[in-house]
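# A look at the structure
What follows is each chain in one-letter form.
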Amino acid sequence: MATPRPCRGVFLLPVKTHRLRASDRDHGDMTIQAQLDDLHARAAASLAEVVDLDGLASWERSFLGPKGELTQVLRGLGGVPAGERPAAGRAANSLKTELSAAYDARARQLSATDLERRLAADAVDVTLPGRAPTIGTVHPVSRMIDELSDIFALMGFQTVFGPEVATAHYNFDLLNIPGDHPARDVWDTIVVDSNDEEIVLRTHTSPMQARTMEATKPPVRVVVPGRAYRYEAQDASHDWMFHQLEGLAVDEHITLADLKGVLGELARQLFGAERRVRFRCDYFPFVEPGVDFAVDCAVCGGKGCRVCKHSGWLEMGGAGMVHPKVLAGVGYDPAKYTGFAFGLGIERMVMMKYGVDDVRAFAGNDLRFLRQFASI
Ligand SMILES: [Zn+2]
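These lines cover the structure that appears in this document, whether it is placed above or below. (Residues numbered from 1 in each chain as written. Predicted model: local features only at pLDDT ≥ 70, side-chain atom pairs only at ≥ 80, totals over all residues. Heavy atoms only, no water.)

### Here's the deal with the overall build of the protein
Using the following cut-off: Helical segments are the DSSP runs of H or I of at least four residues, strand segments are the runs of E of at least two, and each set is numbered from the N terminus. Our radius of gyration is a C-alpha quantity, and the globule rule it is checked against amounts to 2.2 Å times the number of residues to the power 0.38. Each residue gets one of three labels from its accessible area relative to the maximum for its type: buried under 20%, exposed over 50%, partly exposed in between, using a 1.4 Å probe on protein chains only. The contact definition used throughout considers only heavy atoms, calling two residues in contact when any of these lie within 4.5 Å. Here the Shrake-Rupley method, with its probe set to 1.4 Å, supplies the accessible areas, and only the displayed protein chains count as covering residues. The sign given to each residue is positive for Lys and Arg and negative for Asp and Glu; His and the chain ends receive no count. Charged side chains are reduced to one point each, which is NZ for Lys, CZ for Arg, CG for Asp and CD for Glu.
If you tally the helices and strands in the protein, you get eleven helices and ten strands. Compactness check: the protein gives a C-alpha radius of gyration of 47 Å against a globular reference of 21 Å for 376 residues, more than 25% above the reference. Dimensions along the principal axes, computed over C-alpha positions, put the protein at roughly 135 × 85 × 40 Å. Across the 376 residues that make up the protein, the buried fraction comes to 39%. Excluding contacts between residues fewer than 6 apart, the proportion of contacts in the protein whose partners are at least 24 apart in sequence is 65%. Here the protein has roughly 22500 Å² of accessible surface; of this, 54% comes from carbon and sulfur atoms. The positive charge centre, built from 42 side chains, and the negative charge centre, built from 49, are 9 Å apart in the protein.

### Digging into the packing of aromatic side chains
So the rule is basically this: Aromatic pairing here means that ring centres of Phe, Tyr or Trp (its six-membered ring) are within 6.5 Å. Orientation follows from the plane angle: under 30 degrees is stacked, over 60 is edge-to-face, and everything else is tilted. Distance and angle both matter: a charge sits over a ring if NZ of Lys or CZ of Arg is within 6 Å of the ring centre and within 35 degrees of the ring normal.
Summed over all chains, the structure comprises 13 aromatic pairs. A centroid spacing of 6.3 Å and a plane angle of 25° characterise the contact between phenylalanine 340 and phenylalanine 342, whose relative ring orientation is stacked. Look at phenylalanine 340 and you get buried, because its relative accessible area is 2%. A relative accessible area of 1% places phenylalanine 342 in the buried class. Ring-pair connections join several aromatic residues into one group, and the members of that group are Phe152, Phe157, Phe340 and Phe342. We note arginine 211 situated over the ring of tyrosine 170; from NZ or CZ to the ring centre the distance is 4.3 Å.

### Section: the sheet that holds strand β10 (residues 338–345)
So the rule is basically this: Strands are labelled as partners when DSSP assigns at least two bridges between them. Comment: axis = line fitted to C-alpha atoms, over the contacting stretch for helices; angle = value between 0 and 180 degrees taken between N-to-C directions.
One open sheet holds the seven strands; their spatial order is β1-β5-β6-β10-β9-β8-β7, and the pairing between them is mixed. Two strands in the sheet have a free side with no partner beyond their single neighbour: β1 (158–159) and β7 (277–282). Where β1 meets strand β5 (residues 220–229), two bridges bridge the pair, whose relative direction is parallel. Following the sheet pairing, glutamine 158 is matched in β5 by valine 222. Most of the contacts of helix α7 (residues 207–215) go to strand β6 (residues 241–251), to which it runs at about 35°, and overall it touches β5, β6 and β10.

What follows is the structure in structure tokens.
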């Protein structure tokens, strides 16, 4: 077993480190008065170089702060011989007062300069025009619906709205289009549910015809604006969602002449007093006879132009006398009552009136397109 070596202790003597303080430098055997004079001179020179409030704060820390040079001098007064102490104390306090006053004056000066600088930078030019608030505008389709409703209101038609989801019963059956009817394929239907009863997005606003007649007795005069849906490819003149306005009038002694009179008045209100309306035979299961109707082109006066595709006529929609089966289906006596119905494409109306050449623009969310209608 090795003999333990005697431990030679190492004694680390605490070394008193002495940080050279600002007030100690070069002062050596300088008198207090000389130290204060030196401090005074350096503080004044340093203050003259201060250009902003940050620099001033730094200056204050260096000379007046708790660790500043003057504070150190004041703390060192205890070491001054008793006879000299009162005079040294007065001199040091006097310097403190003077430097504090200089600090305050410089602070006021710099604050004023700083305020001026910020005011200059943030200056508001009151002569600049203000920013105009962005104000929305009524969509051209909504505007046309309002316009059509107003025109029809003057002719005694009430505007009603119906649900956009309909049962096949209302969308087809009550409109004389039973399930096995070949015409049912004409409407490319978007089916929502076909489990119990077929539920569809309405393919036209016509379901409201049956709903209105079920709920009221003749005379009936309503227009039904709203969205309709077809399962259909989009192009410049077809969209899978579009707006229609359906019209219906049922009473005793209503004839095709009444229909022509109402649609003629509509054309004159919309497109000008000289307009004429043309009826041609067409087929829709819920009317007999059925017609398509057109208005003569206001742009060329019927001579033919680009807007009317050189035909002189603009197609507006389909119409006809309400089929007796439709009247009977809702409990009206077809021997007593007759009526007419018509359907207009709202987008088509806007396109004709304002020269829009692509139906997709209406639901395209392009503000550049929509803004053009803001000033009309
Ligand atoms: Zn034309």
